[in-house]
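Analysis of the macromolecular model
Spelled out from the first residue to the last, the chains are:
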Amino acid sequence: MLWPRSFVAQFIYLLRSLSHLLYPDLCLHCKRSLQQNSPFLCYACLSRIELVKWREKEVHHLLEQSLNKTGLLSSSVLYRFEQGNPVQTILHELKYKNNRSIGLYFGSLIGKEFERKQLSHSIEALIPVPIHHRKRFDRGYNQSELLARGISSVTSIPIKTVLLSKNQNTKSQTKLSKEQRRENTIDTFSVSDEVKKYASIALVDDVVTTGATISTICDVLKEKNENLQITIFSLSIANNNS
């Protein structure tokens, strides 16, 4: 017997509602119960996050300053990062708690932001900021690649992980100064000659703090292809680049 689609949909919704009632999902930051249509963060925590789309020009200028480069083609960033706010919790869950669905979900939001801008230029490839193979083995995944997969699910831009690789397992940059971060990224990345085939790519990262990593990557990409146009996609950007 075939059940009507409307009945099946209502039955699935009922099961999800019952499951949510018995085993409510909790906000990753404050641990309050989540509404069914609000994944990962509750409404109160979402209201604490500053969406940077209202300050796109300011954020783009901040990116150019942190990268020490002008002429950055475009950028799509979701949130401002601050110590102790829900964005920090999201990033921690993404990087260290094996919560891969976060990357796919917020990556799709980045993709929607990019499509909302309706820019005239096209992007030929998404390049996730790579991590060293040892770190990937320990973690099991690259968080930037998860974000790229979410972006690609919305934009259909292909992901190219072979264009860029990290050849040194550098120490964590969390507690390093801006200058120390730049020194920590010297001679860290390798670029495939295949990048010469592309006119426009987008780098995908989880957070831009001082911009040291992204700046180094831009440099090595431009060494291979000086005419390459680069866009930055990121989940978050720090309030300052000190």
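Refer to the structure above for everything that follows.
Residues numbered from 1 in each chain as written. Predicted model: local features only at pLDDT ≥ 70, side-chain atom pairs only at ≥ 80, totals over all residues. Heavy atoms only, no water.

Details of the pattern of salt bridges
Using the following cut-off: Each salt bridge in this description consists of a side-chain nitrogen of Lys or Arg and a carboxyl oxygen of Asp or Glu lying within 4 Å of one another. Note on exposure labels: buried denotes an accessible area under 20% of the residue type's maximum, exposed denotes more than 50%, and partly exposed covers the range between, all computed with a 1.4 Å probe on protein chains only. We count a stretch as a helix when DSSP gives it H or I for four or more residues in a row; a strand needs E for two or more, and each element gets its number in order from the N terminus.
If you walk through the whole model with that rule in mind, you get nine salt bridges. Here Glu 50 ties to Arg 55 by a salt bridge, and the two come within 3.1 Å at their closest N and O atoms. Since its relative accessible area comes to 40%, Arg 55 is described here as partly exposed. A salt bridge links Arg 116 to Glu 113, with the shortest nitrogen-to-oxygen separation between them at 3.0 Å. One end of the pair, Arg 116, and the other, Glu 113, are both in helix H5 (residues 100-117), three residues apart, so they sit about a helical turn from each other. By relative accessible area, which is 41% here, Arg 116 ends up partly exposed. Exposure remark for Glu 113: the relative accessible area of 11% places this residue in the buried category. Through salt bridges that share partners, Glu 50, Arg 55, Glu 58 and Arg 80 make up one connected network.

Thoughts on the nonpolar core
Note the cut-off: The term nonpolar core refers to a set of buried residues drawn from Ala, Val, Leu, Ile, Met, Phe, Trp, Tyr and Cys, joined through side-chain atoms within 4.5 Å. Note on contacts: a residue pair is in contact if any heavy atoms of the two residues lie within 4.5 Å.
Tyr 79, Ile 90, Phe 106, Leu 126, Phe 233 and Leu 235 are the most contacted members of the largest nonpolar core, which totals 33 residues. Looking at this core, the elements with two or more residues in it are strand E1 (74-81), helix H4 (86-96), H5, helix H7 (143-155), strand E5 (200-208) and strand E6 (229-238). Of the residues forming this core, the biggest block, five residues, is contributed by H5. Every residue in contact with Phe 106, bar those within four places of it in the chain, is listed here: Phe 40, Leu 78, Tyr 79, Ile 90, Leu 147 and Leu 235.

Considering the sheet that holds E5
Where we set the bar: At least two bridges found by DSSP between two strands are what make those strands a pair. Fitting a line to C-alpha atoms yields each axis, with helices limited to the stretch in contact; the angle taken between N-to-C directions then spans 0 to 180 degrees.
Read across the sheet, four strands follow the order E1-E6-E5-E2 without closing on themselves; strand pairing throughout is parallel. Edge positions in the sheet fall to E1 and strand E2 (125-128), since each of these pairs with one other strand and no more. Each adjacent strand pair in this sheet contributes to an overall mean axis angle of 20°, direction not counted. Pairing geometry for E2 and E5, over four bridges, is parallel. Each bridged residue has a counterpart across the sheet, and for Ile 127 the counterpart in E5 is Leu 203. Sheet contacts for helix H3 (residues 56-67): E1, E5 and E6; angle to E1, the most-contacted strand, approximately 95°.

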